[in-house]
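Survey of secondary and tertiary structure
Here's the letter readout for the chains.
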There are 2 protein chains.
Amino acid sequence: METPLSPLDFARRARRLYPDLEALVDGDRRFTYAAFFDRCDRWSAALQALGLRQGDRVAYIAPNTNAQLESFYAVPQIGAVLVPINYRLTANDFAYLIQHSGARLVCADGEYLDSVDSIRSELGGVLHFVALDRSRSGWLDYEQLVAAAPPNYQQPTINENDLLTINYTSGTTSRPKGVMITHRNAYMNVVGTLIHFPMTSAERYLWTLPMFHANGWTFVWTVTAVGGTHVCLRRVDPSFAFRLIKEESISVLCAAPTVLICLANAPGNTRRNTRPGVRVLTAGAPPAAATIARIEGELGWEITHIYGLTETSPFISICEPRPHHQNLSVQDRAVFKARQGVELVTSGELRVIDTDGNEVPHDGTTVGEIVARGNVVMQGYFNDPQATAEALRDGWMHTGDAAVIHPDGYVEIRDRLKDVIISGGENVSSVEVEGILFTHPAVQEVAVVGVPHAKWGEAPHAFIVPVNGMIIDEAELKEFARSKMAHFKVPAAFTFVPALPKTATGKVQKYVLRHGGANIARQ
Amino acid sequence: METPLSPLDFARRARRLYPDLEALVDGDRRFTYAAFFDRCDRWSAALQALGLRQGDRVAYIAPNTNAQLESFYAVPQIGAVLVPINYRLTANDFAYLIQHSGARLVCADGEYLDSVDSIRSELGGVLHFVALDRSRSGWLDYEQLVAAAPPNYQQPTINENDLLTINYTSGTTSRPKGVMITHRNAYMNVVGTLIHFPMTSAERYLWTLPMFHANGWTFVWTVTAVGGTHVCLRRVDPSFAFRLIKEESISVLCAAPTVLICLANAPGNTRRNTRPGVRVLTAGAPPAAATIARIEGELGWEITHIYGLTETSPFISICEPRPHHQNLSVQDRAVFKARQGVELVTSGELRVIDTDGNEVPHDGTTVGEIVARGNVVMQGYFNDPQATAEALRDGWMHTGDAAVIHPDGYVEIRDRLKDVIISGGENVSSVEVEGILFTHPAVQEVAVVGVPHAKWGEAPHAFIVPVNGMIIDEAELKEFARSKMAHFKVPAAFTFVPALPKTATGKVQKYVLRHGGANIARQ
């Protein structure tokens, strides 16, 4: 007997089994699972009353709040498609994503109402605008709508290959691409996470990772599947995070590298005032040995390194511990924990291939591209058949990550093939940043690469050839950049060079810039 | 991207990640995963050379040996369907199951060759007979075939809803029914098991449960999915089992109630010579408080109670611990652990319904029938549309188990609606036993019910009305039964009564016999 693989089935089970357990803490608001789902159901009914139908897209611009979490149930259970937007983007980005996704409804947290209002004229396709946490003229009031709606809605027939969310991610081109995640994709990622990272109803999960980010690595559903408690956090302030960890008895959290570094480097008296035994799932860049030593040795937490892309729901590998690793020294274990690891039991097949499509030898030195195929791989990019065909070539998702395979079968990333920089867990398209900098009148040529950064893991670094040897003021160029792009995309450093290193055919040799950046800067 | 949910995907992953880990121990034979899968592949090639094609059925009559485990990979990977037969049945039963399944090939362990030879004339549809552990005239030799075959075979396209196995089970009628398990069914059961019962590559699993039994509760694939080691055991001899547990560093095992009781009641010096920390999954009947106390308190093992049917792949509920259970006394925890529990994260929906199909109140007293729907529910009974329609009514699998739901949502079985007796983990059809006893010339009326039994959990008890008040010799009747049915089906007790309790419409009131058996016996 086949019933759809959907995160909504986890919700069905949690409603039945965990009605009295605490579902969510958001500041001084606390909801049991019964109360939480009652709110979701009322919001579903309200959405239908507002004219939303199966297949319609609903965009959210919000930090980690109860309203944002509710969207991951209320929107899919009427068969609509959730578009959780990165709130760190600019108003122009918001306009593009709302238009591109064809969203019929836009929900925004109070901090983003001005930004959305500034682009309203471009959003003719949107039926309604909903303010999530306040009343405001020109906006519907979320809490009023939820309070006024009945708790019953019409659930359409939902198939497991129906669209669940569209998650926009920056790629190699300047325009973000909409990753289409199906109900089956997300379900399989939750299942894989729970197999490798077991959780129970005693779990209390701290939302340090943005929910918009690959659906919070699917923890928006994973925590609910086991009846754990979601503890919301608007933004990662270390002292507040450490306080919540203690006061709310946090047992597990997910951390992009920047959050991990931020927690590891918090002042000593902040760190000391915490609770041991927290399990931390990290992805986006391998945790540095010093960070692991601080987190595991000093705080008494446990780090698990996992790897994936928004395009893979997101997990395709985990640094699965083996029995003999227990006997390793802290140093050797850190070296091991820096690896991206092996495919999950349920994520599908992972390979590292050369340009002919053959797998590289498992020698720890030969570099190839990581490719994956399986049930967590996205359906494609929304309304972008060309980008889809490029990414899903020959039946494999091409990650753009260059890696080696060690003799024990563990994958380790060595470089990036695509021009994407991952800064603080955010994808930054170097091509996009280059395009904007190029509009400055004094810039003749520009190349942007990612370089290691103490706080963000990696940060954009711009190499610029000025027009006719002009002198460009770095501060002025930075301000120019800040006015045109989301702040996390603005290069952390600018280096002015007489020429860019190029191949015989004229292509910029970005690997030279990445690896010899310091030398070039001194020229 | 959709790839088939199949246990073969766990095999693919294990081949890649765990080639050097120990896959299997069977007496003095030990195979790494590389060697184990090499044998499976050669046997697949041999099967194809013998003329086996996609969809063909292959029957096995074998205890827990390396050859039996190999069948769970070699047969499905050529798209054929495995029929693992209960080796405790009679030759006549074997004939029926081989004919009914339409098996084209029969593989049997040495102990069962005589039995199969005795029914050869009835097995015209079988192309080949293969002896698994010895050479014998009239039989192909498994080890010779494996050794001679190349390691490559042709893998056809396999869909997740294709048949994987047919597992025969006794039902309410006298003829066994062939439960059709798909690749997706088994995959989902493995995934659910691993979520609730986490395992790693360090696991060493002891095969106390027969592999034919609902595919060893899918542990034939679950252990492989995590790269653990299968340790074979032909039959459960307590002192040998305890020795293996120690010598092979066993960490986990599955136990039908009879095995659990057998281990708990082994002589003290046998029990003391064992290893603590073993995790035990038990199903089939709730473990008694005394058994739990012995196993957990004395041996230092940990019992998890799980519930299901062959028809549900098999797990549909687990007695999931809740945080507050930790504070319970051993007695109170035993009461709790006797419950069948709650549905697994991935098994689907579980309800207890009254005769109108409405769920009973969660009051711990109102009895209804357990029904289930979801991805672990079988496709149906092989070539038996009528039995399928009866079992899968209104979109739900009807288990025939009568249960209550406690206020915390936990299900607890109170009685059985169907006339099936579960003795030592085996299904015994009371109708079948009644039919055979009825052929004895001195028997006028007969009713067989299950009654509690110290060793087997439950055992058949026959209530007999003799012809014209004749006196029947119990020993003679027992011998008569033993000559006509598998030994585990023979009633453990016979009670001769002047009349059977009946309803107004003349139906035998079996619940009166079950619950008032002692009183009737004294009349």
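All of these numbers come straight from a predicted model, not from anything done at the bench. (Residues numbered from 1 in each chain as written. Chains lettered and ligands numbered in written order. Predicted model: local features only at pLDDT ≥ 70, side-chain atom pairs only at ≥ 80, totals over all residues.)

Moving on, we come to the overall build of chain A. The number of helices and strands found in chain A is 18 helices and 26 strands. Its C-alpha atoms give chain A a radius of gyration of 23 Å, near enough to 24 Å, the size a compact globule of 523 residues would have. Evaluated residue by residue, chain A yields a buried proportion of 54% over its 523 residues. Here the analysis covers contacts within chain A between residues at least 6 apart in sequence; of these, 69% occur between residues at least 24 apart. (Helix = DSSP H or I, 4+ residues; strand = E, 2+ residues; numbered from the N terminus. Rg over C-alpha atoms; globule rule 2.2 N^0.38 Å. Buried ≥ 20, exposed ≤ 12 C-beta atoms within 10 Å, placed from the backbone. Contact = placed C-beta atoms within 7 Å.)

The next subject is the domain arrangement of chain A. Once the domains are mapped, chain A shows domain 1 (7-235) and domain 2 (420-522). With centres defined by C-alpha atoms, the gap from domain 1 of chain A to domain 2 of chain A works out at 35 Å. (Domains from an automatic or database assignment.)

This next bit is on the sheet that holds strand E10 (residues 204-206) of chain B. Residue and element names in this part refer to chain B. Read across the sheet, 8 strands follow the order E2-E1-E11-E10-E12-E13-E14-E15 without closing on themselves; strand pairing throughout is mixed. Two strands in the sheet have a free side with no partner beyond their single neighbour: strand E2 (29-32) and strand E15 (315-318). Between one strand and the next, the sheet's axes are offset by a mean angle of 25 degrees, whatever the strand orientation. (Pairing = 2+ DSSP bridges. Axes fitted to C-alpha atoms, helices over the stretch in contact; angles between N-to-C directions.)

Turning our eyes to something else, we now look at the pairing of strand E17 (residues 368-373) of chain A. Residues and elements named next belong to chain A. Across the 6 residues that make up E17, a large majority, 6, are buried. Note: strand E16 (residues 349-353) against E17, 5 bridges, orientation antiparallel. Paired with glutamate 349 across the strands is arginine 373, a residue of E17. In the sheet, E17 pairs with strand E20 (residues 396-405) via 4 bridges, with the strands oriented antiparallel. Each bridged residue has a counterpart across the sheet, and for glutamate 369 the counterpart in E20 is alanine 402.

When chain B is fitted to chain A, the residual RMSD is 0.1 Å, and the transformation amounts to a turn of 180 degrees plus an axial shift of 0.0 Å. Accordingly, the operation relating the two chain copies is best matched by a two-fold axis. Using C-alpha coordinates, one finds that chain B approaches the rotation axis most closely at isoleucine 195 of chain B, a distance of 2.4 Å. (Least-squares fit on C-alpha atoms with pLDDT ≥ 70 in both.)

Residue and element names in this part refer to chain A. An order of E2-E1-E11-E10-E12-E13-E14-E15 is seen for the 8 strands of this open sheet, with the pairing classed as mixed. Pairing within the sheet leaves two strands with one partner each, and these edge strands are strand E2 (29-32) and strand E15 (315-318). Taking the axes of each pair of neighbouring strands and ignoring which way they run, one obtains an average angle of 25 degrees across the sheet. Of the pairings in the sheet, the one linking strand E12 (residues 252-255) to strand E13 (residues 279-282) comprises 4 bridges and is parallel in character. From the neighbouring strand, valine 252 faces E13, where its bridge partner is arginine 279.

What follows covers the interface of chain B and chain A. At the junction of the two partners, chain B supplies 29 residues and chain A supplies 30 residues. For the side of chain B that touches chain A, the secondary structure elements donating two or more residues are helix H1 (7-17) and helix H7 (183-196) of chain B. For the side of chain B that touches chain A, a count of residues per class yields 13 nonpolar, 8 polar and 8 charged. (Nonpolar A, V, L, I, M, F, W, Y, C, P; charged D, E, K, R; others polar.)

What follows is about helix H17 (residues 474-484) of chain A. All names here are of chain A. The complete set of buried residues in H17 reads Leu477, Phe480 and Ala481. Across the axial projection of H17, the buried residues extend over an arc of 95 degrees, all falling on one side. Opposite its buried face, H17 presents the exposed residues Ala475, Glu476, Glu479 and Ser483, each directed more than 90 degrees away. Where H17 is buried, its residues touch helix H16 (430-438) and strand E26 (493-496). (Arc of directions from axis to C-beta.)

Quick look at the pairing of E2 of chain A now. All names here are of chain A. Note that strand E1 (residues 22-26) and E2 share 4 bridges and pair antiparallel. Bridge pairing in E2 links aspartate 26 to arginine 29. The turn linking E1 back onto E2 is made up of 2 residues, and glycine 27 within it adopts a positive phi angle of 65 degrees.

Residue and element names in this part refer to chain A. That bond from serine 313 to proline 314 is cis: its omega, 10 degrees, falls within 30 degrees of zero. Topologically, proline 314 is positioned in the loop between strand E14 (302-308) and E15. Of note, alanine 214 is a non-glycine position whose phi angle comes to about 50 degrees, a positive value. By the element assignment, alanine 214 lies in helix H8 (residues 214-217).

Okay, the environment of isoleucine 85 of chain A next. Mapped onto the fold, isoleucine 85 of chain A is located in strand E4 (residues 81-85). Put simply, isoleucine 85 of chain A and threonine 169 of chain A are 84 residues apart on the chain and 9.5 Å apart in space, counted from C-alpha to C-alpha.

With that out of the way, let us pick up the packing of helix H11 (residues 257-264) of chain B against helix H13 (residues 289-298) of chain B. Residues and elements named next belong to chain B. Contact geometry of H11 with H13 gives a least axis separation of 10 Å together with a crossing angle of 60 degrees. Viewed along their axes, H11 and H13 adopt a mutual orientation that is oblique. As for how H11 packs across H13, the hand of that crossing is left-handed. When H11 is examined against H13, the residues Leu260, Ile261 and Ala264 are found in contact with a partner set consisting of Thr291, Arg294 and Ile295. Counted by class, the contact of H11 with H13 contains 4 nonpolar, 1 polar and 1 charged residues. (Parallel < 35°, antiparallel > 145°, perpendicular 65-115°, else oblique. Left-handed = near helix turned anticlockwise from the far one by under 90°.)

A few words now on the confidence of the model for chain A. Residue and element names in this part refer to chain A. Model confidence for chain A is summarised by a mean pLDDT of 91, while 96% of its residues fall at 70 or above. Scored below 50 in pLDDT, residues 517-523 makes 8 contacts in the model with residues more than four places away or belonging to other chains. Across the interfaces of the predicted complex, the ipTM metric reaches 0.87, alongside a pTM of 0.88. (pLDDT = per-residue confidence, 0-100.)

All names here are of chain A. Assignment of secondary structure puts phenylalanine 438 in helix H16. Sequence spacing of phenylalanine 438 and isoleucine 464 is 26 residues, and the spatial spacing of their C-alpha atoms is 9.2 Å. Not counting chain neighbours up to four residues away, the residues in contact with phenylalanine 438 comprise Val443 and Val446.

Residues and elements named next belong to chain A. The interhelical angle for the contact between helix H2 (residues 33-49) and helix H3 (residues 66-74), taken along N-to-C directions, is 70 degrees, at an axis separation of 9 Å. Between H2 and H3, the angle is such that the two are roughly perpendicular. Regarding H2 and H3, the two cross each other, and that crossing is right-handed. For the pair H2 and H3, the contacting residues are Arg39, Cys40, Trp43, Ser44 and Leu47 in the first and Glu70, Tyr73 and Ala74 in the second. Across the contact of H2 with H3, the residue classes tally to 5 nonpolar, 1 polar and 2 charged.

Residue and element names in this part refer to chain A. Among all positions of helix H13 (residues 289-298), only Thr291, Ile292, Arg294 and Ile295 are buried. Buried residues of H13, seen end-on, are gathered within an arc of 165 degrees and therefore sit on one face of the element. H13 presents Ala290 and Gly297 as exposed residues on the side facing more than 90 degrees away from its buried surface. Looking at the buried residues of H13, the elements they touch are helix H11 (257-264), E13, E14 and helix H14 (330-337). Looking at the residues trailing H13, positive phi occurs at glycine 300, about 75 degrees.

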